[in-house]
Amino acid sequence: RLWTREQQPPPMAKLGEGDDRWIVKEREDGRNVNNWHWSETSYTEWAREKLGARFEGVAIGDGTRSAGKLLSLETMKGDVTVQSRKQKRFPLYELELTIRWEGQLFDASGGTAVEAKGRIKVPDLSEETYDDLEMTVLCDEETDAKRPLKELVRKEGGKAVRAACLAFVEELKETVMKGHEPPPQKAPPRERFNAGYVAASAETAKTGAVKVVYSYNPPPPVLYETLLDTQRIRGITASDASMSTEVGGKLMMFSGAVEGENAELKPFDGERAVIKWKWRFSTWQPSHWSTVLITMVKQDDGSTKLTLEQTGVPEDERERTERGWKGMLFEPMNAMLGGRVIGA
């Protein structure tokens, strides 16, 4: 509007004055309502956790003459962000990954003949490359004896890495599409014990249960003997182990990551066999133990229905524990003996 000399425009409102209906107030939570304005949210730590879980203890190989597994996500360089503008959200990610692996070759008796460890390097995981990844397999000690294990990891491990990356990208896009925000990043309470971190007492106050059910082609006695045999467990898990066939006998699996003892052993009686373990991860509180009950029941066709029920698992360890049973023990057993998961 144009004002004449005789007219004067109304005075401008002073700071703190004005009609409340027209004042855009700052929200206390700082939220960008409906994602209308441009914003950027970091998903980097969320991505590190999700990728780490997908690379942890993934078995590769058939477990007969050789076996290997992806151990962990060693490093992740780069960033994952979600851009928001005018109610549209889309992820941006460009990552460089290093994954640790290990493998074993077995001799004629089933013992370990050759062991090897190394890394898989993924130089570029991004929107342009996720469905056609390039990667390099490295062995810590390059020798002729270890070359077959490196080749196993190049072929089978490469497939596992590509599958894990593809699943991660799909989960990322689904999370963004649903509008889920990454959880606030805060370090869980930890306390030191013998130079290793263990769950604090506050974390072990709440416990839960894990249940896994598989069907295996061999009869119960084969499963019972396999789960108590040191050499077979070493072959299945591609890691060091020490088992016992005596009640009260100590057990160690996954190169010391799991420890326990036989609480109850019932060989096959014509219907079923039972193994009961006192069981813990070595990173749990020294006084905290769970109970593992494995029941192997003979089916009409001679196969075995295996049911694992574990109680006393710290609540924040349930997902990791269940994933470990499936990916690091029962799935490799499936590849070796033949079977399938039938429920949980």
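Residues numbered from 1 in each chain as written. Predicted model: local features only at pLDDT ≥ 70, side-chain atom pairs only at ≥ 80, totals over all residues. Heavy atoms only, no water.

A. Expanded view of the overall build of the protein. Regarding its fold elements, the protein presents 6 helices and 15 strands. Burial status across the protein gives 41% buried among its 344 residues. Considering only intrachain contacts with a sequence separation of at least 6, the fraction spanning at least 24 residues in the protein is 58%. With the model as given, the accessible surface of the protein reaches about 19800 Å², and the carbon-plus-sulfur share is 49%. (Helix = DSSP H or I, 4+ residues; strand = E, 2+ residues; numbered from the N terminus. Buried < 20%, exposed > 50% of the residue type's maximum accessible area, 1.4 Å probe, protein only. Contact = heavy atoms within 4.5 Å. Areas by Shrake-Rupley, 256 points an atom, 1.4 Å probe, with all protein chains shown as cover.)

B. Structural view of the nonpolar core. Counting 38 residues, the largest nonpolar core has Phe55, Leu97, Ile99, Ile120, Leu125 and Val161 as the members making the most contacts within it. For this core, the elements supplying multiple residues, two or more each, are helix H1 (44-54), strand S3 (66-85), strand S4 (88-106), strand S5 (112-126), strand S6 (136-139) and helix H2 (147-177). Broken down by element, this core gets its largest block of residues, 11 residues, from H2. With residues near it in sequence (within four places) discarded, Ile99 still touches Phe55, Leu70, Ser72, Leu73, Glu74, Gly118, Arg119, Ile120, Val122 and Val161. Ranked by size, the runner-up nonpolar core spans 34 residues in total, among them Leu223, Ala241, Ala273 and Val292. (Core = buried A, V, L, I, M, F, W, Y, C linked by side-chain atoms within 4.5 Å.)

C. Summary view of helix H5 (residues 230-237). Within H5, the full set of buried residues consists of Thr230, Ile233, Gly235, Ile236 and Thr237. The N-cap of H5, judged by a side-chain oxygen 3.1 Å from the amide nitrogen of Gln231 a few residues on, is Asp229. (Polar contact = N/O pair within 3.5 Å; in protein donor to acceptor, adjacent residues only side chain to side chain.)

D. Focus on the pattern of salt bridges. Tallying each qualifying case throughout the model produces 24 salt bridges. A salt bridge links Arg119 to Asp140, with the nearest nitrogen and oxygen atoms 3.3 Å apart. Remark: Asp140 occurs in the loop between S6 and H2 and Arg119 occurs in strand S5; sequence separation between them is 21 residues. The partly exposed category is assigned to Arg119, whose relative accessible area is 27%. Close ionic contact of Glu319 with Arg323 constitutes a salt bridge, the shortest N to O distance being 3.7 Å. Of the two residues, Glu319 and Arg323 both sit in helix H6 (residues 318-337), 4 residues apart, roughly one turn of that helix. Taken together, the shared-partner salt bridges in this structure form one network comprising Glu74, Arg100, Arg119 and Asp140. (Salt bridge = Lys/Arg side-chain N within 4 Å of Asp/Glu carboxyl O.)

E. Main features of the pairing of S6. With burial as the criterion, only one face of S6 is covered, namely that bearing Val137 and Cys139; the residues Thr136 and Leu138 on the opposite face remain uncovered. Both S5 and S6 contribute to a ladder of 4 bridges, which runs antiparallel. What sits directly across from Arg119, in S6, is Leu138. (Pairing = 2+ DSSP bridges.)

F. Quick peek at H6. Its 20 residues give H6 an end-to-end C-alpha distance of 26 Å, which sits within 8% of 28 Å, the value for a rise of 1.5 Å per residue. Where H6 bends most, at Phe330, the angle is about 35 degrees, and the proline Pro332 comes one to four residues later. Burial in H6 covers these residues: Thr321, Gly324, Trp325, Met328, Leu329, Phe330, Pro332, Met333 and Asn334. (Expected span 1.5 Å × (residues − 1). Bend = angle between axes of the 7 residues up to and from the residue.)

G. Looking closely at the packing of aromatic side chains. Summed over all chains, the structure comprises 9 aromatic pairs. An aromatic cluster is present here, built from Tyr214, Tyr216, Trp279, Phe281, Trp284, Trp325 and Phe330 joined pairwise through their rings. The lysine or arginine in question, Lys278, covers the ring of Trp289, its NZ or CZ lying 4.8 Å from the ring centre. The ring of Trp289 is capped by Arg280, whose NZ or CZ atom sits 5.4 Å from the centre of that ring. (Phe/Tyr/Trp six-rings, centres within 6.5 Å; stacked < 30°, edge-to-face > 60°. Lys NZ or Arg CZ within 6 Å of the ring centre and 35° of its normal.)

H. Quick look at unusual backbone geometry. At Ala238, a position not held by glycine, the phi torsion is positive, near 55 degrees. Examined against the element boundaries, Ala238 turns out to sit in the loop between H5 and strand S10 (250-253). A positive phi angle, close to 55 degrees, is found at Ser255, a residue other than glycine. By secondary structure assignment, the location of Ser255 is in the loop between S10 and strand S11 (258-266).

I. Examining the side chain of Thr175 more closely. Structurally, the position occupied by Thr175 is in helix H2. Within the structure, the side chain of Thr175 is placed 2.8 Å from the backbone oxygen of Glu171, a separation counted as a polar contact.

J. Quick peek at the pairing of S10. Only one face of S10 is covered, namely the face carrying Leu251 and Met253; the face carrying Lys250 and Met252 is uncovered. As defined by bridge partners, S10 adjoins S11 across 4 bridges and the pair is classed as antiparallel. Its bridge partner lying in S11, Lys250 is registered against Glu261.

K. Examining the environment of Met252 more closely. Counting through the fold element by element, Met252 comes out in strand S10. A sequence separation of 12 residues divides Met252 from Asp240, and the C-alpha atoms of the two residues are 8.1 Å apart. If we ignore the near neighbours within four places in the chain, the residues touching Met252 are Asp240, Ala241, Ser242, Met243 and Val258.

L. Structural detail: the packing of H5 against H6. Packing of H5 against H6 leaves a shortest axis separation of 8 Å and a crossing angle of 100 degrees. Compared by their axis directions, H5 and H6 come out roughly perpendicular. Between H5 and H6, the contacting residues are Ile233, Ile236 and Thr237 on the first element and Met328, Leu329, Pro332, Met333 and Met336 on the second. Along the lines of polarity and charge, the residues of the contact of H5 with H6 split into 7 nonpolar, 1 polar and no charged. (Axes fitted to C-alpha atoms, helices over the stretch in contact; angles between N-to-C directions. Parallel < 35°, antiparallel > 145°, perpendicular 65-115°, else oblique. Nonpolar A, V, L, I, M, F, W, Y, C, P; charged D, E, K, R; others polar.)

These values are about where atoms sit, not about what they do.
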